[in-house]
Amino acid sequence: MSNQRVVLITGASSGVGQSTAQLLAARGFTVFGTSRNPAVVQRVAGVEMLSLDVTSDASVRACVDDVVGRAGSIDVLINNAGHELAGALEELSLDEARSQFETNFFGVIRMVSAVLPLMRRQKRGHIVNVGSLSGLSAIPFLGIYSASKFALEGYTEALRHELKPFNIRVSLTEAGFLHTPMMNHRQVGATSIAEYAPWRERAFSAIRAAEEKGPGADAVAEAIVNIVSSPHPRLRYLIGSQAKLVANLRRFLPAGMFEQGVRRTFALDGNR
Ligand SMILES: NC(=O)c1ccc[n+]([C@@H]2O[C@H](COP(=O)([O-])OP(=O)(O)OC[C@H]3O[C@@H](n4cnc5c(N)ncnc54)[C@H](OP(=O)(O)O)[C@@H]3O)[C@@H](O)[C@H]2O)c1
């Protein structure tokens, strides 16, 4: 497959998106990355940065038109933009939950709907959605974030079936906790209910420790470059040893044992 393919990757100002954009450019792909504020983003050689807010129909339309105007096609769309909302489910407002889905789930739908007419006309394309291990096994106190990634699993699986006749491939990445800038700007719900504090704080500490020990963005970037370079890309790609282990445990352990393991991992079983 030629490396002259045109890639549009959302959320390329930091973390996974930035590393992936950089690696794709180094491998000779024509790369367009995005940020809500591209003017202040550190430049990466070979990556053209465009303005994009995936929560806005107009912004998505303008970004896709801009890429097509400059490059003539979009061969690969990588839906990476995302953020993380934390807190007990009872603490999170409906507006906060909607805003999480607006970026992590509806943002993906906006992007896919905007590129599909072009990809169907081209009779080729590859869409890679950046999911998470939390879309297979929900993380306590990251429940709405996990729900947005569970939703992405179902959407991506159905999309793959529907687009197969048009020679458009669809894949999904599932990484565990990563050491990326996301760990430092996680949004915490505005309301806090004191009764949850002991469990919330223990879970937050466990999440923080897992992120500190987790692989960096480069591990996901390398996986994504392999996925888009593969002649026969699969639907799902577990990335990193933690994601592979947890997915296997979920599959093979009795449900009760798996649940106990999750409670232990996030230190949820002490009374206070
Ligand atoms: N970190 C982890 O532990 C982990 C694990 C598994 C999966 N993931 C997934 O990997 C992806 C990237 O995460 P990361 O860890 O690399 O996070 P990150 O460093 O915080 O990067 C997030 C990116 O998303 C962009 N973004 C956020 N809201 C946006 C919006 N409304 N419209 C457009 N772009 C938006 C940001 O761009 P601007 O702020 O410049 O607009 C930024 O480039 C996410 O989908 C995340 O869920 C992360």
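The structure this text deals with has already been given above.
Described below are features of the structure shown in this document.

Scoring rules and cut-offs
The residue numbers shown here count from 1 along each chain, following its written sequence. Where totals are concerned, whole chains, interfaces and linings use all residues; where local detail is concerned, this predicted model gives features only for residues with pLDDT of at least 70, and gives and counts side-chain atom pairs only at 80 or more. Excluding hydrogens and water, the side-chain figures rest on all heavy atoms present in the structure. Strands are runs of DSSP state E lasting at least two residues, helices are runs of H or I lasting at least four, and both sets are numbered from the N terminus onward. C-alpha atoms define the radius of gyration in this analysis, and the globule rule sets the expected value at 2.2 Å times the number of residues to the power 0.38. Burial classes follow relative accessibility: with a 1.4 Å probe on protein chains only, a residue under 20% of its type's maximum area counts as buried, one over 50% as exposed, and anything between as partly exposed. Residue contacts are defined here by distance: any two heavy atoms, one from each residue, within 4.5 Å place the two residues in contact. The charge count includes Lys and Arg as positive and Asp and Glu as negative, but it does not include His or the ends of the chains. Here the site of a charge means NZ on Lys, CZ on Arg, CG on Asp, or CD on Glu. Nearness here has a simple test: a residue counts as near a molecule or strand if at least one of its heavy atoms is within 4 Å of that partner. Pairs of N or O atoms are called polar contacts if they sit within 3.5 Å, as long as, within protein, a hydrogen donor faces a hydrogen acceptor (for residues adjacent in sequence, only side-chain-to-side-chain pairs). For every accessible area listed, the method is Shrake-Rupley and the probe measures 1.4 Å; residues are considered covered only by the protein chains on display. Amino acids are sorted into nonpolar (Ala, Val, Leu, Ile, Met, Phe, Trp, Tyr, Cys and Pro), charged (Asp, Glu, Lys and Arg) and polar (every other residue, Gly among them). Grid points spaced at 1 Å over the protein atoms alone were grouped into cavities, where a 1.4 Å probe fits but cannot get out, and pockets, open sets with protein on both sides within 12 Å along at least five of seven lines, with lining residues defined by an atom within 4 Å of a point. Grid points are joined across faces, edges and corners, and a volume is the space filled by probe spheres set on the points. Here, nonpolar core means buried Ala, Val, Leu, Ile, Met, Phe, Trp, Tyr and Cys residues that are tied together by side-chain atoms lying within 4.5 Å of each other. Put simply, two rings from Phe, Tyr or Trp (the six-membered ring, in Trp's case) pair if the centres are within 6.5 Å, and we call them stacked under 30 degrees between planes, edge-to-face over 60, tilted for the rest. We call a charge positioned above a ring when the Lys NZ or Arg CZ atom is no farther than 6 Å from the ring centre and deviates by at most 35 degrees from the ring normal. Helix span, as expected, comes to 1.5 Å for every residue beyond the first. Arc, as used here, means the arc of the directions from the helix axis to the C-beta atoms. Pairing between two strands requires that DSSP report at least two bridges joining them.

## Notes on the overall build of the protein
Of the regular secondary structure elements, the protein holds nine helices and nine strands. Against the 2.2 N^0.38 benchmark of 19 Å for 272 residues, the protein shows a C-alpha radius of gyration of 19 Å, consistent with a compact globule. By principal-axis analysis of the C-alpha atoms, the protein measures approximately 60 × 40 × 30 Å. Counting every position in the protein, which comprises 272 residues, the buried fraction comes to 50%. Long-range contacts, defined here as pairs at least 24 residues apart, represent 73% of the contacts in the protein between residues at least 6 apart. The centroid of the 29 positive side-chain charges in the protein is displaced by 8 Å from the centroid of its 24 negative side-chain charges.

## Details of the site of the ligand
In the region of the ligand, 29 residues are neighbours, and Ser13, Ser14, Ser35, Tyr145 and Thr180 sit closest. Take Ser13: an N or O atom from its side chain is 2.6 Å from an oxygen atom of the ligand. Relative to its unbound accessible surface of 890 Å², the ligand loses 93% to contact with the protein. Among the secondary structure elements, those contributing two or more residues to the shell around the ligand are helix H1 (15-26) and helix H5 (143-163). Split into classes, the residues belonging to the shell around the ligand amount to twelve nonpolar, 14 polar and three charged.

## Topic: the environment of Lys164
Mapped onto the fold, Lys164 is located in the loop between H5 and strand S7 (168-175). Spatially, the C-alpha atoms of Lys164 and Ile207 are 37 Å apart, while their sequence positions differ by 43 residues.

## Structural notes on empty space enclosed by the protein
For the structure shown, the criterion picks out one cavity of 30 Å³ or more. As a volume, the largest cavity reaches approximately 40 Å³. Taken together, Thr10, Val54, Asn79, Ala81, Thr103, Gly107, Val108 and Met111 make up the full set of residues lining the largest cavity. No other element matches helix H4 (residues 106-122), which puts three residues into the lining of the largest cavity.

## A short note on the nonpolar core
Nonpolar side chains in soluble globular proteins tend to end up buried together. Within the largest apolar cluster, 34 residues are counted, with the highest numbers of intra-cluster contacts made by Leu8, Ile74, Leu77, Met111, Val112, Ile127 and Leu159. Listed by contribution, the elements that provide at least two residues to this core are strand S1 (6-9), helix H2 (57-71), helix H3 (94-104), H4, H5 and S7. Considering each element in turn, this core owes the most residues, eight residues, to H4. With near-sequence residues (within four places) excluded, Leu77 lies in contact with Leu8, Met111, Val112, Val115, Met119, His126, Ile127 and Val128. Ranked by size, the runner-up nonpolar core spans 28 residues in total, among them Val7, Leu24, Ala217 and Ile239.

## With respect to the packing of aromatic side chains
Think of a pair of aromatic rings as described by two things: how far the centres are apart, and how the planes are tilted against each other in angle. On inspection of all chains with the given rule, the structure shows five aromatic pairs. Seen from their ring centres, Phe141 and Tyr196 are 6.4 Å apart, and the 80° between their planes marks the pair as edge-to-face. Here Phe141 is found in the loop between strand S6 (125-130) and H5, whereas its partner Tyr196 is found in the loop between strand S8 (187-188) and helix H6 (197-213), with 55 residues between them in sequence. For Phe141, a relative accessible area of 12% translates into the label buried. Aromatic ring contacts, followed pair by pair, group Phe101, Phe105, Phe106 and Tyr155 into a single cluster. Here the basic side chain of Arg120 rests over the ring of Phe166, its NZ or CZ set 5.9 Å away from the ring centre.

## Considering H2
Between its first and last C-alpha, H2 extends 21 Å over 15 residues, near the 21 Å set by a 1.5 Å rise per residue. When H2 is considered as a whole, its buried residues turn out to be Ser59, Val60, Cys63, Val64 and Val67. Projected down its long axis, H2 shows its buried positions confined to an angular sector of 125°, all on one face. Across from the buried face of H2, at angles greater than 90 degrees, the exposed residues are Asp57, Ala58 and Gly69. Those residues of H2 that are buried are in contact with S1, strand S2 (30-35), strand S3 (47-51) and H4. Positioned one or two residues after H2, Gly72 has a phi angle of 85°, which is positive.

## Notes on the pairing of S2
By the criterion of burial, S2 is predominantly enclosed, with five of the six residues buried. With four bridges connecting them, S1 and S2 associate as parallel partners. Residue pairing across strands places Val7 opposite Val31, the latter belonging to S2. Pairing of S2 with S3 involves five bridges; the strand directions are parallel. Paired with Ser35 across the strands is Ser51, a residue of S3.

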